[in-house]
Amino acid sequence: MHHALRDPYHPASSPIHRAAPPVKLVLAVAFVLAVVALPRGTWPAHTFLGLALLVGALASRVPLSLLGKRLLAVEPFALGVALLALLQPGGLHVFLAILAKSTLSLGAVVLLGATTPFFQVLRALSRFRVPSLLVTTLALLYRYLFVLVEEMGRMQRARRSRTFSRSRWVTWRASAAVIGHLFLRTTTRAERIYAAMCARGWRT
Amino acid sequence: MHIPDGFLDAPTAIAGGVLAAAGLGLALRTVRRTLPHRAVPLIGVAAAFIFAAQMLNFPVAGGTSGHLIGAVLAAVLLGPSAAVLVMSSVLILQAFLFADGGITALGANIFNMALLAPLLGYVLYRGVSRLLGGDLRARLAGVAFGAWCSTVAAAVSVAGQLALSGTVAWEVAFPAMAGVHMLIGVGEALITTLVVAVVATARPELLFDRAGSGERTGRTLAGYGMLVALGLVVFIAPMASEWPDGLEAVAARLGFAHKAAASPIASSPLADYTLAGIRSPAASTVIAGGIGTVVAFAMAYLLSLALVPRGAVGPGQPQGSAHNRAPRSS
């Protein structure tokens, strides 16, 4: 999936970066809704929305090459599902239409991610009355995701430097052991996090 | 299996959203009421764990590799409500931060991978492990069977949603999704079972002391069951009526099926009348799926036998690290 996991936020000084996060979140979601709600094959409207997205991308001062690269990185998943549409009569039209829609929507989310730190999105979500337990879970997920991916990488590297087997069964069992022990470390880490959170006066 | 934006029409996306909101609401309520205060950080970090575990590649063949989905793993290790919350959080983060899975399709994705998959897997895990005696071997068989079935079920639900939206005809989507995921499900079952076996050998209490979590599963599961059943009725039942009936089969054989093709539009439920050639795969996929389920159950049982040596089973007896045990090449 995401081989090099990186926070998509790209710091820069632009009107888009400075805009209020709740506004950006609402705009991005509204943009996606508009794209999805357009009837298939209304190309002028699609072009207009594409141009609007391009203006936003230019205004954000995030290099277009970077946004393009990220778009290409997520495109294959959409392409994979879209290919199914080609297998039916008249599928080419459907294929092109949904590909355009998904590309525009992906562009909006990529732009949002590049210009808005995720904790600001979380703050916006809690302002929109999303249940606090869900926001807390998302915040912890975001906070520890990169930590755990790095830890898993270390365990995997250690495993590779000790296992010299080409057998797939051995590889699978060893990788499963990495995941299993990562879970055990996760539970003990959660205990420490709980203690640390309580020490700082956390209440749900 | 993440559906991107633009693949679902408004009614399907809204139906998915309503079901996801109801399921997630039930999960949040159950977790808040029944799990201890200190389980909150665990759920958050466990979500990060599932996301991380999804990134580990398992070599399959010819340079391709697969990865874990983790829905059943989360359900077995954390319980059903926490699993719903964990999987939903992972999907929300993937949609908003990594543009993986659409925002308008988020509801449908949550229904498939955060409600249907973990809950079906959990129920099958509980059922099979109770049926086979409740020891470690029975539980591992239940894990394997639940993981396979939930992967295939989620894929069929995706196919139903795509067909209902008029994006991909059911006759194409169903065999493709179900067929591919019957294979992917084998990998999912294998990885999930191996991981649970590792956890069970190192810390058996995490697997066997579920009662300590305080979640009253019976009533909650009934609530989830209704939601999932409702979703399946909405997403898949309309397609069932499009499966070839007797007349259609005869029509296809005698070659007059094309006369019924009044308007060849792919974006309507009528699409199947134009697809005489590829209508039979849908029926054969159903049969293959039935046989596959039986085979999967047998394989799940054999896998549990392979992972747990005879005689040395029971909650209180750790059997040494799975890491060190000699690999079996059966």
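These notes cover the structure that comes with them. None of these values were measured; they are calculated from a predicted model.

1. A short note on the overall build of chain B
Helix and strand counts for chain B stand at 12 helices and two strands. In chain B, the order of α-helices and β-strands from amino to carboxyl end is α-α-β-β-α-α-α-α-α-α-α-α-α-α. Looking at the 330 residues of chain B, the share that counts as buried comes to 58%. A sequence separation of at least 24 residues applies to 78% of the contacts in chain B between residues at least 6 apart. Roughly 12200 Å² of accessible area belongs to chain B as shown, and the carbon and sulfur atoms make up 67% of that amount.

2. Thoughts on the overall build of chain A
The helix and strand inventory of chain A stands at eight helices and zero strands. Going residue by residue from the N terminus, the α and β elements of chain A occur as α-α-α-α-α-α-α-α. For 204 residues, the compact-globule formula gives about 17 Å, and the C-alpha radius of gyration of chain A, at 21 Å, lies well above that figure. For chain A, the spread of C-alpha atoms along the three principal axes comes to 55 × 50 × 30 Å. In chain A, the proportion of contacts linking residues at least 24 apart, taken out of those at least 6 apart, comes to 72%. Counting 25 positive and 5 negative side-chain charges, chain A places the centres of these two groups 3 Å from one another.

3. Let's talk about the nonpolar core
Residues A:Ile179, B:Phe49, B:Phe51, B:Leu73, B:Leu93 and B:Leu162 are the most contacted members of the largest nonpolar core, which totals 175 residues. No other element matches helix 6 (residues 136-164) of chain B, which puts 17 residues into this core. Not counting residues up to four positions away in its chain, the partners in contact with B:Leu162 are A:Val81, A:Leu84, B:Ile3, B:Phe7, B:Leu8, B:Thr167 and B:Val168.

4. Structural notes on the interface of chain A and chain B
Counting residues at the interface gives 77 residues for chain A, matched by 83 residues for chain B. When chain A packs against chain B, the two sides together hide about 7200 Å² of surface, and 79% of this comes from carbon and sulfur. The interface formed by chain A and chain B holds one salt bridge in total. Between A:Glu191 and B:Arg38 there is a salt bridge whose closest N-O contact spans 3.7 Å. Of all the elements in the fold, those that place two or more residues in the side of chain A that touches chain B are helix 2 (21-37), helix 4 (64-85), helix 5 (91-115), helix 7 (132-162) and helix 8 (168-199) of chain A. The element that contributes the greatest number of residues to the side of chain A that touches chain B is helix 8 of chain A, accounting for 25 residues. Grouping the amino acids of the side of chain A that touches chain B by side-chain chemistry returns 52 nonpolar, 16 polar and nine charged.

5. Points about the packing of helix 2 of chain A against helix 6 (residues 118-127) of chain A
All names here are of chain A. In contact at an axis separation of 8 Å, helix 2 and helix 6 are set at 85 degrees when each is read in the N-to-C sense. Between helix 2 and helix 6, the angle falls in the class roughly perpendicular. In this structure, helix 2 uses Pro21, Pro22 and Leu25 to contact helix 6, whose residues at the interface are Gln120, Val121, Ala124, Leu125 and Arg127. For the contact of helix 2 with helix 6, the per-class residue count stands at six nonpolar, one polar and one charged.

6. Focus on the environment of B:His67
Residue and element names in this part refer to chain B. Following the sequence through the fold, His67 ends up in the loop between strand 2 (65-66) and helix 3 (71-78). Judged by relative accessible area, His67 falls into the partly exposed class, the value being 29%. Within the structure, His67 has its side chain in polar contact with the backbone oxygen of Gln54 (distance 3.1 Å).

7. Re the environment of A:Arg160
Residue and element names in this part refer to chain A. Assignment of secondary structure puts Arg160 in helix 7. Using a relative accessible area of 53% as the deciding quantity, one classes Arg160 as exposed. When the C-alpha positions of Arg160 and Ala174 are compared, they lie 9.1 Å apart, and in sequence the two are 14 residues distant.

8. Remarks on a nonpolar patch on the surface
Residues and elements named next belong to chain A. Together, Trp43, Leu79, Leu83, Leu86, Leu92 and Leu96 line one region of the surface with nonpolar side chains, adding up to about 530 Å² of accessible area. Looking at the nonpolar patch, the elements with two or more residues in it are helix 4 and helix 5. The topology assignment puts Leu83 in helix 4. Looking at Leu83, the relative accessible area reads 45%, which means it is partly exposed.

9. Some remarks on helix 8 of chain A
Compared with an ideal rise of 1.5 Å per residue, which puts 32 residues at 46 Å, helix 8 of chain A spans 46 Å between its outermost C-alpha atoms and is within 8% of the ideal. A distance of 3.3 Å separates the backbone nitrogen of A:Trp169 from a side-chain oxygen at the start of helix 8 of chain A, and that oxygen is part of A:Ser167.

Cut-offs applied
- Residues numbered from 1 in each chain as written.
- Chains lettered and ligands numbered in written order.
- Predicted model: local features only at pLDDT ≥ 70, side-chain atom pairs only at ≥ 80, totals over all residues.
- Heavy atoms only, no water.
- Helix = DSSP H or I, 4+ residues; strand = E, 2+ residues; numbered from the N terminus.
- Buried < 20%, exposed > 50% of the residue type's maximum accessible area, 1.4 Å probe, protein only.
- Contact = heavy atoms within 4.5 Å.
- Areas by Shrake-Rupley, 256 points an atom, 1.4 Å probe, with all protein chains shown as cover.
- Rg over C-alpha atoms; globule rule 2.2 N^0.38 Å.
- Lys, Arg positive; Asp, Glu negative; His and termini not counted.
- Charge placed at Lys NZ, Arg CZ, Asp CG, Glu CD.
- Core = buried A, V, L, I, M, F, W, Y, C linked by side-chain atoms within 4.5 Å.
- Buried area = accessible area lost by both parts, 1.4 Å probe.
- Salt bridge = Lys/Arg side-chain N within 4 Å of Asp/Glu carboxyl O.
- Nonpolar A, V, L, I, M, F, W, Y, C, P; charged D, E, K, R; others polar.
- Axes fitted to C-alpha atoms, helices over the stretch in contact; angles between N-to-C directions.
- Parallel < 35°, antiparallel > 145°, perpendicular 65-115°, else oblique.
- Polar contact = N/O pair within 3.5 Å; in protein donor to acceptor, adjacent residues only side chain to side chain.
- Patch = residues over 30% accessible without salt bridge, like charges linked within 9 Å, V, L, I, M, F, W, Y side chains within 5 Å.
- Expected span 1.5 Å × (residues − 1).

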